[in-house]
Amino acid sequence: MRAIVFLLFVVLIFFIIRFILNRVIQIREHNKKLAEDKKGSLAENTTEAMVRCALCDIHLPQSEAYYDGKDTFCSEGHMHKFHHQKNTTTTED
Ligand SMILES: [Zn+2]
């Protein structure tokens, strides 16, 4: 008799552990999904910030662009070239 009670007790514990494990896995997967969604929206935000080079009209991410306080450029060289062109045209006229 004692053996049967012990067996039932073991089976009961087994089912409880299985239920808890399933819940833990469910919560983990849910959190993982939420974290991935957050990452995805962050990536979208970074790709959205695009600026245009004032000299060659090429589009590039804002983080890679050069900003002189008024215009954005794809490279330092284009920034200097743009200012040089501007200065020479205004002084020649
Ligand atoms: Zn450029």
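All of the points below concern the structure found in this document.

Cut-offs and rules
- Residues numbered from 1 in each chain as written.
- Predicted model: local features only at pLDDT ≥ 70, side-chain atom pairs only at ≥ 80, totals over all residues.
- Heavy atoms only, no water.
- Helix = DSSP H or I, 4+ residues; strand = E, 2+ residues; numbered from the N terminus.
- Buried < 20%, exposed > 50% of the residue type's maximum accessible area, 1.4 Å probe, protein only.
- Contact = heavy atoms within 4.5 Å.
- Areas by Shrake-Rupley, 256 points an atom, 1.4 Å probe, with all protein chains shown as cover.
- Donors = N, O, S within 2.8 Å, 3.2 Å for Na, K, Ca; no water.
- Tetrahedral: all angles 85-135°; square planar, octahedral: opposite > 155°, others 65-115°.

1. As for the overall build of the protein chain
Here comes step 1: Scanning the protein chain from N- to C-terminus turns up two helices and four strands.
Here comes step 2: Seen in sequence order, the protein chain has helices and strands lined up from the N terminus as α-β-β-β-β-α.
Here comes step 3: By the burial criterion, 10% of the 93 residues in the protein chain qualify as buried.
Here comes step 4: Residue pairs in contact within the protein chain that sit at least 24 positions apart in sequence constitute 10% of those at least 6 positions apart.
Here comes step 5: Element-wise, carbon and sulfur atoms account for 62% of the exposed surface of the protein chain, whose accessible area totals about 8400 Å².

2. Points about the coordination of the zinc ion
Here comes step 1: Coordination of the zinc ion by the protein comes from Cys53 (SG), Cys56 (SG), Cys74 (SG) and His78 (ND1), over a distance range of 1.9 to 2.3 Å.
Here comes step 2: Its four donor atoms give the zinc ion angles of 95 to 119 degrees at the centre, a pattern that matches the tetrahedral case.
Here comes step 3: Exposure remark for Cys53: the relative accessible area of 0% places this residue in the buried category.

3. Observations regarding unusual backbone geometry
Here comes step 1: The residue Asp57 is not glycine, and still its phi comes out positive at about 65 degrees.
Here comes step 2: Inspection of the secondary structure assignment puts Asp57 in the loop between strand E1 (50-52) and strand E2 (59-61).
Here comes step 3: Overall, Asp57 belongs to the partly exposed group, its relative accessible area being 44%.

Honestly, it's all geometry; don't read function into it.
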